[in-house]
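The lines below spell out each chain.
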2 protein chains.
Amino acid sequence: MVSQLDPGDPIDPHRFPLRDWSIVETRYDDSDLGTSESVFAVGNGYLGMRANPEEGRDAHVHGTFVNGFHETWQIQHAEAAYGFAQTGQTIVNAPDTKLMKLYVDDEPLTLSTADILDYERELDFRAGLLRRKVLWRTPSGKRVEVISTRMVSFTDRHLAVMTMQVTVLDGDAPVVISSQILNRQDGRDEYYVPDDALGAGFDPRKASTFDHRVLIPDPDPFVRPHRMILGYRCANSRMTLAVGADHVMETDNPVEELQDVEPDLGKKIFRVRASAGVPITLTKAVAYHSSRGVPVRELYDRCRRTLDRFREAGIDETHAAQRAWLDAYWERTDVVIEGQPRIQQATRWCLYQLAQAAARADQLGIAAKGVTGSGYEGHAFWDTEVYVIPFLTYTNPTMARNALRYRINLLDAARRRARDLAHRGALFPWRTINGEEASAYYAAGTAQFHINADIAYAFMTYADITGDRELLYRDGADVIVETARMWADLGFWRINSGESFHIHGVTGPDEYTTVVNNNLFTNVMARFNLRSAVDLMREMQREAPERYDQLVARLHLEEGEVTEWEACAEHLHIPYDETFNIHPQDDHFLECEAWDVAATPADKFPLLLHYHPLVIYRYQVLKQADVVLALFLRGEEFTAEDKRANFEYYDPITTGDSTLSAVVQSIIAAEVGYSDLALEYFRLGLLVDLADLHRNTSDGLHIASTGGVWNCLVFGFIGMRQSHGRLRFDPRLPRGWDGLEAPLQIQGRHLRVRVTQDQITVSMLSGEPLEIEIRGTSYTVTESEPVQVALDGQGPRLEWTGTTSGVGEAREDGTLLTAGYPDPDRPWQAGGLEAARKHCAQLEPPAAAGLS
Amino acid sequence: MVSQLDPGDPIDPHRFPLRDWSIVETRYDDSDLGTSESVFAVGNGYLGMRANPEEGRDAHVHGTFVNGFHETWQIQHAEAAYGFAQTGQTIVNAPDTKLMKLYVDDEPLTLSTADILDYERELDFRAGLLRRKVLWRTPSGKRVEVISTRMVSFTDRHLAVMTMQVTVLDGDAPVVISSQILNRQDGRDEYYVPDDALGAGFDPRKASTFDHRVLIPDPDPFVRPHRMILGYRCANSRMTLAVGADHVMETDNPVEELQDVEPDLGKKIFRVRASAGVPITLTKAVAYHSSRGVPVRELYDRCRRTLDRFREAGIDETHAAQRAWLDAYWERTDVVIEGQPRIQQATRWCLYQLAQAAARADQLGIAAKGVTGSGYEGHAFWDTEVYVIPFLTYTNPTMARNALRYRINLLDAARRRARDLAHRGALFPWRTINGEEASAYYAAGTAQFHINADIAYAFMTYADITGDRELLYRDGADVIVETARMWADLGFWRINSGESFHIHGVTGPDEYTTVVNNNLFTNVMARFNLRSAVDLMREMQREAPERYDQLVARLHLEEGEVTEWEACAEHLHIPYDETFNIHPQDDHFLECEAWDVAATPADKFPLLLHYHPLVIYRYQVLKQADVVLALFLRGEEFTAEDKRANFEYYDPITTGDSTLSAVVQSIIAAEVGYSDLALEYFRLGLLVDLADLHRNTSDGLHIASTGGVWNCLVFGFIGMRQSHGRLRFDPRLPRGWDGLEAPLQIQGRHLRVRVTQDQITVSMLSGEPLEIEIRGTSYTVTESEPVQVALDGQGPRLEWTGTTSGVGEAREDGTLLTAGYPDPDRPWQAGGLEAARKHCAQLEPPAAAGLS
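As the structure is a computational prediction, the values presented were derived from the model and not from experiment.

Cut-off values and rules
- Residues numbered from 1 in each chain as written.
- Chains lettered and ligands numbered in written order.
- Predicted model: local features only at pLDDT ≥ 70, side-chain atom pairs only at ≥ 80, totals over all residues.
- Heavy atoms only, no water.
- Contact = heavy atoms within 4.5 Å.
- Salt bridge = Lys/Arg side-chain N within 4 Å of Asp/Glu carboxyl O.
- Polar contact = N/O pair within 3.5 Å; in protein donor to acceptor, adjacent residues only side chain to side chain.
- Pairing = 2+ DSSP bridges.
- Helix = DSSP H or I, 4+ residues; strand = E, 2+ residues; numbered from the N terminus.
- Core = buried A, V, L, I, M, F, W, Y, C linked by side-chain atoms within 4.5 Å.
- Buried < 20%, exposed > 50% of the residue type's maximum accessible area, 1.4 Å probe, protein only.
- Least-squares fit on C-alpha atoms with pLDDT ≥ 70 in both.

### Re the interface of chain A and chain B
Tallying the contact residues gives 57 residues for chain A and 57 residues for chain B. Viewed at the interface, chain B and chain A are joined by two salt bridges. Among the ionic pairs, R431(A) bridges to E79(B), the shortest N-O distance being 4.0 Å. If you look at where chain A meets chain B, you find nine residue pairs in polar contact (both at pLDDT 80 or more).

Below you can see the structure in the form of structure tokens.
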């Protein structure tokens, strides 16, 4: 499924027409239900509902997810070893309240087989509603109009509201609506995992299925005439959940109401003798409350309060509150892309998904899939800190703060995990819901120690940009100190042509080499972590001595620890290769054989699904940007020449098999001057889910990638960077774009930045004057005086001829820039974009074509 | 349980007294049943029975194993990836025929609670019998003498024979003997695996349990008055098994016989009205036949033939045949250690175990535990090729040939496995029964590509020593070619200061570092494999052109392949470090932090049970000899200085956490001149099972280690080496040993070599004259003229002061030999022996003490 982006785009524009503030589907198509269920899902970060039709039936997964509501299970290792993760955690598919089954003349509406005269489904980014309008000709020939809406409230995180309006247009007919709460989490038919899970069908990115009954129902649900509340407890995790529903029926037709509530199925049935043209309107408000251990009966009370509040407010006020919330969100968040309506539409879809993933996640964390699916078991990873929290920090700082508090709450578990690995301090789990390490494959999991530094990076960026030092001083410092301690303990001193501090046996973001020594990204980020700890301790000693003393006592901070971190950071080994003038991805990366991407058939991508890890690990080939990500996150530590040389070396061997790659490749391509390449990678990031580029959007959306899209726009094309809270701009507007404008919040100030081909304008909407830097010159922007600077072009324009013929051919004015692979008999034949294109080529051919 | 080795040995000499040709237990003790069941087990390589008492009851495991008879199951990976092993294989505990339950006055004999007046159990290495004599005072005060024997036939691999003679000494009494065939494989009580299999209780070296019924019984067993045969089929593997038993009762007492046969339990019951002093003698012959797929009914016929043969021969003739077979075995095999009776006894026990593991394994392979237990799931590994087959080659070449044919039979599966890993040629599985890779942890499993070269090494050694080129020319060449092809494909050419061929991403024998580049052992052995292929192709072209042409056609041997292998071998990168003048274990081993063995508490050994792999892999610390093993197997490629420098570097960081380590450390210690250390390591190897040094003898004996004991004696102390079938001797007799004598077979000749402190004598018992080399001088030994050479000492005598204070202190004449770890502030504090001692220290304290 692809939202058309280019005028020449061969994707059916009739099914997905252009809109400014919504995504619209004009034809029902069950060939890609999994994708469309994710793309049209509604959620608020706490509660998420996949875009299954109201009638149930055909679905990839009937999914409803409550953030953090998970089951645990004992991980069975085929061959165990000491310290392997023990507690599996899987997000639970919560009871389904979306169901409102419709029968006319006793015939059920089933979209896949019905005679549908007209169909439109729209996810409205400003109203915060999923709307559907269906014109159905029943088997007896009557036309029935069915208009429904669905929303998950941004203002009341526990509330979702659905409406259905049914009108029989021709003649009278008996109409039945059976509105349900259905616990279908144990229904295996929806979670089909092929028997040959280890053969062709396996995919480690999917969620596992349970082999036990997960949700143990309360045998005594709460039932009142217009209300039912069902309760459950997870068998192992002991988490509790209550799900309630209220119904309001409005019609001038005669109605008979029935109710039938069992522990796994609550039904409210309306039997209507409908007259032609007389509408039947059903409003269904539902509430979800979950807890780590509060008894179900107490959650019933909470559901009642949520439902009572809705009953007082009514549907209109609720819809209005939703719109008001979103008006404010867009005010803080919308990025305007002038003259690119299709890119604009796709970008807004991404920004909307970030609200749906983060708005009310509150302190429960933001999972890789948000609340749109059970992919990756509902776990949160490092990419939230690197791609999502920075976006939130600049636009919605309260959400960023909440997301950081999630990590604070997991600190004790991270301390325990460090002990498991014989380390001091804290080691955050590679993937988790509840704070325990759930990665069953340590080489590409636990070994990614860099998550510690990524978390520290998010804390420091948040504090620098928002100016909220209080969070740091009170709780964040504990995270910074404990993560720094882990680094100081993990590394070791080598005395070999001078003292240096080395970190061995780790895996960087690129999972196509694992358990290596001195991974560049890891070391650069660890250095930042250590220095941040040093600086923060000195700052607190100076600025908040009382809090500092408390911290020293609380963390048993010892004499000399701070200077030890300083020494570790100072002497941290940063691998550098004199032949290529680049940073090797790790100490020995350049000694490895080059993977011949050009000779790799398109159907072998992604490599991880077609080659044994031992094969992949042996080569110079990347799943995702690694050194290049360090060039972005810690750009101030690298020169422009460094960046270009490294980008040129790594880009051709980056497959982009991870969705996290394209956006970073875009940002650095833009910075170093490969403008067209930057735009192509941006598009690949933009379309990850809208075009299902990685063929697993059905498992849920790639939230970090949607965050990456914002990163591309602001850091890549607007060319913004920050250091210690000070903003710098060096724009890189793509060719053909008229303008790009984004709002930003800096230390309580509200700014807008607009870049055109000719100039950059930074305006202060509110706040104290701010000093900024544009292409090396300082300016002060005030409420009364925007800064407007003329641009002489958009940075260097390099011509990348290496996209298909490889390293060794990146030229500027015809000059060979890099030497490429040292064996002249085995030149590299392909570049990263080539790989990415191959990656797409095996997908729907139109989708791939749509990108070029 | 320890067989006392030293006069001052604190181990109870009354329980395990000294014997020349047996191991004897004089007191029943149920505190170490698991160990004694393994140590007193009987078997012939095809059929094995643990030393459970005839009465059943108290046992660690009631175990009966048929070589290769296994169940398969789908390996469930906690997180799967492409190419991971899919088919688990586990040796099946076959129905138990050892049971002969005894009741006197209706009271059962149960050793653990009975009033035992006298007890002796003896495993007789010459008779090939397990004998037991028990004098029991029944609860009613009668003394009953129970004498039983058990043997598994070396001459008829399917046959086992048991006898029981019961005599009531005081008064008359009803005596019942219930002799059984009991299928107890599904009895979970015997295979207890703690629920917290991933917590403290986990041990990857144990077998897994099944969660399904494995043996599906034939509902219609074969039953005749004195015979019963039961049949089974494995649920998944479809392998079939028939188990039959004949009974002969001889007594002057009145007897009533009953028989009761069900699919899982066959009982033959003898009710005897016994008079005082009148013996009751029961003979039970049992037959086991298994197949990959032959119907059970056909196996019944095979069992009948086996049992009929025994019936014709009778017990005396059968016992005599067993003794005759063993007389011949000892003639070929016995190593005489003069003046060291305890070491002699333990050595003979080891050599006897090699017969029990290999004699009739025929072409089924020799598993790590032989047929003594289900440890390592009954899998065969590389250590058979490295430690067992060479022993067989020099002493029992037919057994060696059979063991090699097992690999020939698995070649097709190895070809498929190579394809799974995207390689040409063949890749033998790291652990297997049926030829499919069963290693679920690739880092320490599949990544051990060196198994390919180890197998090639065993083939070439066999062919060189036996002169049996026919095996090579007919089938062995296929193995040599296909393994060489894998190496040529696995490695790659690096053009960096000259062309060289590199092998990345492999694990050597030392599993404490994994997935490394250019592991020294792997590269040295791969080079041997490649060169062997080159030499063999040229030899066949010359000596057997017709067979060569067939091979070229069969293997599609291409023009240029042989020269490619030659080039790969010629340029294979052999890492060498100029600072220490040693070979790094892999390209980057020396860059790693040193593990402080001295600071590691004794209860943290073996490290693998107390540290996450990521922790262990990060350090310079060894589970077992790796470079040092290469120094032994390919000694001719290293100088004496090389060997000493490498041994001195690696020994202090070798924990000996693997049972395979001590024997190799002993051999090289002897060669380089650390004589006392060599003897200490030899003892550690000798006692692996007798003293349960690794605390898992209960899972089965460590067969490779028993082979290693022979290696120590012949290669270590006699100082023999061979190259292309030519023998060299440079003895290293330990201080205090009067002499050491071993028989050897070389190219059809029978030799005896005897070393004393003063001379070496090589005698030719039969065969053509042979040129040998003693300390650099050539001699010809003939039937009429032994070679006798006076010895001036036993090689260099170095003083190893480094055993407790580490590298940097190995001295000869007070001279510092190695520089040790480069950081003077962090000197190594402990040596390998120290680690090995710590390893033992946490075991039964007397066992450890017994070693010093």
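Back to the write-up after that little detour.
### Some thoughts on the sheet that holds strand 2 (residues 42–43) of chain A
All names here are of chain A. Taken together, three strands build an open sheet; the order of strands is 2-3-4 and the sheet is antiparallel. Single-partner strands in this sheet number two, and they are strand 2 and strand 4 (64–66). Pairing of strand 2 with strand 3 (residues 47–49), which is carried by two bridges, proceeds in the antiparallel orientation. Looking at strand 3, one finds that G43 is bridged to G48.

### Some details on the nonpolar core
If you look at the biggest cluster of nonpolar residues, it comprises 496 residues, and the most contacted ones within it are M537(A), W565(A), M537(B), W565(B) and F729(B). Setting aside residues no more than four positions away along its own chain, F729(B) makes contact with I718(B), G719(B), M720(B), L744(B), V753(B), I760(B), V762(B), I772(B), E773(B), I774(B) and R775(B).

### Quick look at the pairing of strand 18 (residues 255–262) of chain A
Residues and elements named next belong to chain A. Across eight bridges, the pairing between strand 18 and strand 19 (residues 265–274) is antiparallel. If you follow E257 over to strand 19, its bridge partner there is F270. Connecting the antiparallel pair strand 18 and strand 19 is a turn made up of two residues.

### Things to note about the environment of C303(A)
With respect to the helices and strands, C303(A) occurs in helix 2 (residues 296–333). For the pair formed by C303(A) and S153(A), sequence separation is 150 residues and the distance between their alpha carbons is 14 Å.

### Some thoughts on the relation of the copies chain A and chain B
Rotating chain A by 180 degrees about the axis while translating it 0.0 Å along that axis superimposes it on chain B, leaving an RMSD of 0.0 Å. In short, the pair behaves as if placed about a two-fold rotation axis. When C-alpha distances to the rotation axis are compared across chain A, the minimum falls at H77(A), with a value of 3.1 Å.

### Thoughts on unusual backbone geometry
Residues and elements named next belong to chain A. Of note, the bond from F605 into P606 is cis; its omega dihedral lies within 30 degrees of zero at -10 degrees. The residue P606 is located in the loop between strand 24 (593–594) and helix 12 (613–617) in this model. Here the phi dihedral of R57 falls at roughly 60 degrees; this positive angle occurs in a residue that is not glycine. Residue position: R57 is located in the loop between strand 3 and strand 4.

### Things to note about the pattern of salt bridges
Under the defined criterion, the tally for this structure stands at 120 salt bridges over all chains. Across the pair D730(B) and R732(B) runs a salt bridge whose closest N-O atoms are separated by 2.9 Å. Accessibility expressed as a relative area gives 9% for R732(B), which makes it buried. Salt bridges sharing common partners tie together D412(A), R415(A), R424(A), E482(A), R485(A) and E561(A).

### Quick word on the sheet that holds strand 3 (residues 47–49) of chain B
All names here are of chain B. Across the sheet, which stays open at both edges, the four strands sit in the order 2-3-4-5 with antiparallel pairing between neighbours. Edge positions in the sheet fall to strand 2 (42–43) and strand 5 (87–93), since each of these pairs with one other strand and no more. Note that strand 3 and strand 4 (residues 64–74) share three bridges and pair antiparallel. Looking across to strand 4, one finds that M49 is bridged to T64.

Purely geometric numbers; function is a separate question.
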